[in-house]
Amino acid sequence: MKVRVLLALCAVLFSLCANAQTPDRIEIFGGYSHIGYYYYPAYTGPWTLSSFNGWETSAAFKIIPHLAAEADFGGLYGAQSSNCSSCSRDTIRTYMGGPRVAVNSGRATFYAHVLFGGLTYKTTYGGTQGIPATSNSDTTFAMAIGGGADLWFTRRIGARLVQFDYLRDNSRIPGYFAHPGQHANFRLSAGVVFRF
């Protein structure tokens, strides 16, 4: 029995060593990201969709064929009126990680992932026309479920044609006097992908 366990352990270790020698183990993505974020102004309502535009970057480390561990970071910024000194500037920061599964079909890669981590929503008021800036922020648990498609031009360089995620968080201040609770949002991303 001990010999069988030892042989099985050796087989696993050898397969991991062989996998470590294979190229294209690390995949880096960077590009544009858009979040449609829903919030509920407490005194006016109803639920309102606010657009945030910014960047997203991620790194996926292949563990075994078709399975990778992914780390994902993003920074997004809400629009602000240029002639309003008391208007708020809202920003969203995301930092998540989790498993990713992928399949290759010719020059295309299709993947799905489940990411867990945090989301920080920050609202800044003032800071223009001599008005001191004040801010309020909240960091809560966040989860993203989604996937996308990459098209590879060469072995090392490709384009992320689209990534769509269902993004859920528990932010207590997702906007001015916002209604607390869970928030269901969506995220779209596209950009450049590199393999090493």
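Residues numbered from 1 in each chain as written. Predicted model: local features only at pLDDT ≥ 70, side-chain atom pairs only at ≥ 80, totals over all residues. Heavy atoms only, no water.

Caption draft 1: Summary view of the packing of aromatic side chains. One pass over the full model with this rule turns up four aromatic pairs. Aromatic pair Tyr37 and Phe52: ring centres 6.1 Å apart, planes at 75°, arrangement edge-to-face. Placement of Tyr37 in strand β1 (residues 26-39) and of Phe52 in strand β2 (residues 48-64) is noted, with a sequence separation of 15 residues between them. Relative accessible area serves as the criterion here: at 0%, Tyr37 is assigned to the buried category. Members of the aromatic cluster, each reached through a chain of ring pairs, are Tyr37, Phe52 and Tyr121. The residue whose ring lies beneath Arg160 is Phe29, and the NZ or CZ to ring-centre distance is 4.5 Å. (Phe/Tyr/Trp six-rings, centres within 6.5 Å; stacked < 30°, edge-to-face > 60°. Helix = DSSP H or I, 4+ residues; strand = E, 2+ residues; numbered from the N terminus. Buried < 20%, exposed > 50% of the residue type's maximum accessible area, 1.4 Å probe, protein only. Lys NZ or Arg CZ within 6 Å of the ring centre and 35° of its normal.)

Caption draft 2: Representation of the side chain of His34. Turning to its location among the elements, His34 is positioned in strand β1. Look at His34 and you get buried, because its relative accessible area is 16%. Side-chain polar atoms of His34 contact the side chain of Asn53, separated by 3.0 Å. Excluding residues that lie within four positions of it along the chain, His34 makes contacts with Ser51, Phe52, Asn53, Leu76, Phe186, Arg187 and Leu188. (Polar contact = N/O pair within 3.5 Å; in protein donor to acceptor, adjacent residues only side chain to side chain. Contact = heavy atoms within 4.5 Å.)

Caption draft 3: Molecular detail of the environment of Ser137. Checked against the element boundaries, Ser137 lands in strand β6 (residues 134-152). In this structure the C-alpha to C-alpha distance between Ser137 and Thr120, which are 17 residues apart in sequence, comes to 6.8 Å.

Caption draft 4: Region of interest: a nonpolar patch on the surface. Taken together, the side chains of Ile26, Phe61, Ile63, Ile64, Phe153, Ile157, Val192, Phe194 and Phe196 present a nonpolar region at the surface, about 790 Å² in accessible area. Of all the secondary structure elements, the ones that give two or more residues to the nonpolar patch are β2 and β8 (183-195). Sort the elements by how many residues they give to the nonpolar patch and β2 lands first, with three residues. Counting through the fold element by element, Phe61 comes out in strand β2. (Patch = residues over 30% accessible without salt bridge, like charges linked within 9 Å, V, L, I, M, F, W, Y side chains within 5 Å. Areas by Shrake-Rupley, 256 points an atom, 1.4 Å probe, with all protein chains shown as cover. Salt bridge = Lys/Arg side-chain N within 4 Å of Asp/Glu carboxyl O.)

Caption draft 5: Seen up close, the environment of Ile26. Within the secondary structure, Ile26 is located in strand β1. Residues Ile26 and Ala59, 33 residues apart in the sequence, show an inter-C-alpha distance of 7.0 Å. Contact partners of Ile26, with chain neighbours within four places excluded, come to Ala60, Phe61, Phe194, Arg195 and Phe196.

Caption draft 6: Seen up close, unusual backbone geometry. The phi angle at His66 is positive, at roughly 75°, despite the residue not being glycine. Within the fold, His66 resides in the loop between β2 and β3 (67-78).

Caption draft 7: How the structure looks around the nonpolar core. By size, the foremost hydrophobic cluster in this structure holds twelve residues: Ile35, Tyr37, Phe52, Leu76, Ile92, Met96, Leu115, Leu119, Tyr121, Ala142, Ala144 and Leu167. Breaking this core down by element, the ones donating at least two residues are β1, β4 (88-105), β5 (108-125) and β6. Contacts of Phe52, omitting those with residues within four sequence positions, involve Ser33, His34, Ile35, Tyr37, Leu76, Tyr77, Gly78, Asp90, Thr91, Ile92 and Tyr121. (Core = buried A, V, L, I, M, F, W, Y, C linked by side-chain atoms within 4.5 Å.)

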